[in-house]
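In case you want the letters, here they are:
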Amino acid sequence: MLYRFASMTVDICPRYRYTAELCEGYLAPEGAAADFTVRVTDEEIAREADGTRELPPAYLESLAIYRRICHEALRFDTFLFHGSALEMDGEGYLFTAPSGTGKSTHTRYWREVFGERVRVINDDKPLLRVTDGGVFVCGTPWDGKHRLSTNSEVPLKYLCLLERGEENRITPATAGEIYPAMLGQTYRPAATADMGKTLALLDRTLAAVKLYHLWCNLSPEAAKVAYRGIHEGD
Amino acid sequence: MRLIQGLMLHDTPEGTIAVATGEAAKVLNGMLRLSDTAAFILRHMEKETTEDEVVAAITAEYRVDEARAREDFKTLVGQLDGAGLIVW
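Residues numbered from 1 in each chain as written. Chains lettered and ligands numbered in written order. Predicted model: local features only at pLDDT ≥ 70, side-chain atom pairs only at ≥ 80, totals over all residues.

Undergrad: Any chance you could explain the overall build of chain A here in plain terms?
TA: Scanning chain A from terminus to terminus reveals seven helices and twelve strands. Scaling as 2.2 N^0.38, a compact globule of 234 residues should have a C-alpha radius of gyration of about 17 Å, and chain A matches this with 18 Å. If one aligns the C-alpha atoms of chain A with their principal axes, the spans along those axes are about 50 × 40 × 35 Å. Per-residue burial for chain A yields a buried fraction of 42% across its 234 residues. Restricting the contact set of chain A to residue pairs at least 6 apart, pairs at least 24 apart contribute 67%. (Helix = DSSP H or I, 4+ residues; strand = E, 2+ residues; numbered from the N terminus. Rg over C-alpha atoms; globule rule 2.2 N^0.38 Å. Buried ≥ 20, exposed ≤ 12 C-beta atoms within 10 Å, placed from the backbone. Contact = placed C-beta atoms within 7 Å.)

Right, dumping it as structure tokens:
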């Protein structure tokens, strides 16, 4: 079956129904030709097990499939970045932080505060497509435990490194200041050549979007502070 | 001696970093920020080399005498070796 993610048409051949159901909102248009095919092996599925808990093979297969897609995506100047991405008024915002910091909670506040102006593009693992005309943040169905994503892509304008803080505060950041954190949230392939390509795409992304460091507490006020800080002086 | 396989050097707009891939990722999680001099030394250690060769390269590139270059080299290599990033 053909699916379309981040402008790539992918022929996925899963053995379990789970991945087909997961991807059903991302079917490729009729007549599309596959850019590449993904069929994962038993070994690839087994490698996805984290060893700490029993996970169904169907779920592990879906992870292995996404890993392969992300590997192939590098050829299309596209890479996986861990974060919660939303679109508001046609612009893409991406909030990133280590797991457990509150990325999804923060974007939920944006939905609460700004209502229907906000659309979640991907709540966990969006793809970033890097072009000469800018970076696009792309929805995929691998979208976190709350299953929030939209089958669309929008120009990524703002990238915020999120940290918990007593008070809500946002400041512009340089790529150098936040580079270690950005690298930590980037999918890092094992092969050196692929890693080189990934770093080049990350560098282009950090050069193309506005960067911020956002400290926030667990209150919807954080969304207002972030929005005001980002659009100050517009 | 040389750097461990999979440790790659990458120039960013704000300086050179070392990032681990493959085998190197087992001993280094994340990245190292490098000074200009450290980056220069590590570039020479991406392939098999010797202390004397690197020290000669340092004195040719920077205004520094051999004793100081050797001291700086040994300090850096000691730190890298302690982190498991050197193959002898």
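The structure having been displayed, the exposition proceeds.
Undergrad: What is the right way to look at the interface of chain A and chain B in this model?
TA: Contacts between chain A and chain B engage 16 residues on the former and eleven residues on the latter. Elements with a minimum of two residues in the side of chain A that touches chain B: α5 (175-184) and α6 (192-208) of chain A. Of the residues assigned to the side of chain A that touches chain B, the class counts are nine nonpolar, five polar and two charged. (Nonpolar A, V, L, I, M, F, W, Y, C, P; charged D, E, K, R; others polar.)

Undergrad: I would appreciate a short explanation of α5 of chain A in the present structure.
TA: Because the α-helix completes a turn every 3.6 residues, residues three or four places apart line up on one side. Regarding α5 of chain A, the residues found buried are Ile-178, Tyr-179 and Met-182 of chain A. Seen end-on, α5 of chain A carries its buried residues on one side only, within an arc spanning 145 degrees. On the buried face of α5 of chain A, the contacting elements are β10 (153-164), α6 and β12 (210-216) of chain A together with β2 (7-12) of chain B. (Arc of directions from axis to C-beta.)

Undergrad: Hey, could you run me through the nonpolar core in this one?
TA: The tendency in soluble globular proteins is for nonpolar side chains to be buried as a group. All names here are of chain A. Grouped together as the largest cluster of nonpolar side chains are 85 residues, with contacts concentrated most on Val-137 and Cys-160. Split by domain, the residues of this core number at least three in each of domain 1 (2-76) and domain 2 (78-231). Beyond its immediate chain neighbours, meaning those up to four positions away, Cys-160 contacts Phe-95, Tyr-212, Leu-214 and Ala-226. (Core = buried A, V, L, I, M, F, W, Y, C linked by C-beta atoms within 7 Å. Domains from an automatic or database assignment.)

Undergrad: What should I look at first to understand the packing of helix α1 (residues 36-44) of chain B against helix α2 (residues 51-61) of chain B in this one?
TA: Two quantities define a packed helix pair, namely the angle between the axes and the distance from one axis to the other. All names here are of chain B. Relative to each other, α1 and α2 sit at 140 degrees, their axes nearing to 10 Å. Between α1 and α2, the angle falls in the class oblique. Crossing hand, α1 versus α2: right-handed. Contacts between α1 and α2 involve Phe-40, Ile-41 and His-44 from the former and Val-54, Ala-57, Ile-58 and Glu-61 from the latter. (Axes fitted to C-alpha atoms, helices over the stretch in contact; angles between N-to-C directions. Parallel < 35°, antiparallel > 145°, perpendicular 65-115°, else oblique. Left-handed = near helix turned anticlockwise from the far one by under 90°.)

Undergrad: Explanation requested: the domain arrangement of chain A in the structure shown.
TA: By a widespread convention, an interface's size corresponds to the accessible area lost as its parts come together. Residue and element names in this part refer to chain A. For chain A, the assigned domains read domain 1 (2-76) and domain 2 (78-231). Facing the 14 residues of domain 1 at the interface are 16 residues of domain 2. The element contributing the most residues to the side of domain 1 that touches domain 2 is helix α3 (residues 57-73), with four residues. The residue inventory of the side of domain 1 that touches domain 2, partitioned by class, reads eleven nonpolar, three polar and no charged.

Undergrad: Any chance you could explain the sheet that holds strand β3 (residues 15-20) of chain B here in plain terms?
TA: Through backbone hydrogen bonds, the strands of a sheet pair up, either in parallel or in antiparallel fashion. All names here are of chain B. Strand order in this open sheet of three strands is β2-β3-β4, and the pairing throughout is antiparallel. The open sheet has two free edges, formed respectively by β2 and β4 (31-34), since each of these has just one partner strand. Between one strand axis and the next, the sheet turns through 25 degrees on average, direction left out of account. (Pairing = 2+ DSSP bridges.)

Undergrad: What exactly am I supposed to notice about the sheet that holds strand β2 (residues 8-12) of chain A here?
TA: All names here are of chain A. As summarised here, the arrangement of the three strands in space is β1-β2-β3, forming an open sheet in which the pairing is mixed. Two strands bound the open sheet, and with one partner strand each, they are β1 (2-5) and β3 (36-38). Adjacent strand axes in the sheet meet at a mean angle of 40 degrees, parallel and antiparallel pairs treated alike. The sheet contact formed by β2 and β3 spans three bridges and is parallel. Residue pairing for β3: Val-10 is matched across the bridge by Phe-36. Relative to the sheet, α3 contacts β1, β2 and β3, its axis offset from that of β3 by approximately 155 degrees.

Undergrad: Can you help me understand the confidence of the model for chain B in this one?
TA: Reading predicted coordinates in detail is not appropriate for stretches of low pLDDT. Confidence in the prediction for chain B averages 93 pLDDT; 100% of positions are at 70 or higher. In the model output, the complex is listed with pTM 0.92 alongside ipTM 0.82. (pLDDT = per-residue confidence, 0-100.)

Undergrad: I'm lost on the packing of helix α4 (residues 103-114) of chain A against helix α7 (residues 221-231) of chain A in this one. Help?
TA: Residues and elements named next belong to chain A. Between α4 and α7, the shortest axis-to-axis distance is 8 Å and the interhelical angle comes to 85 degrees. When the interaxial angle is binned, α4 and α7 end up roughly perpendicular. On α7, the residues touching His-106, Tyr-109, Trp-110 and Val-113 of α4 are Ala-222, Ala-223 and Lys-224. Of the residues assigned to the contact of α4 with α7, the class counts are five nonpolar, one polar and one charged.

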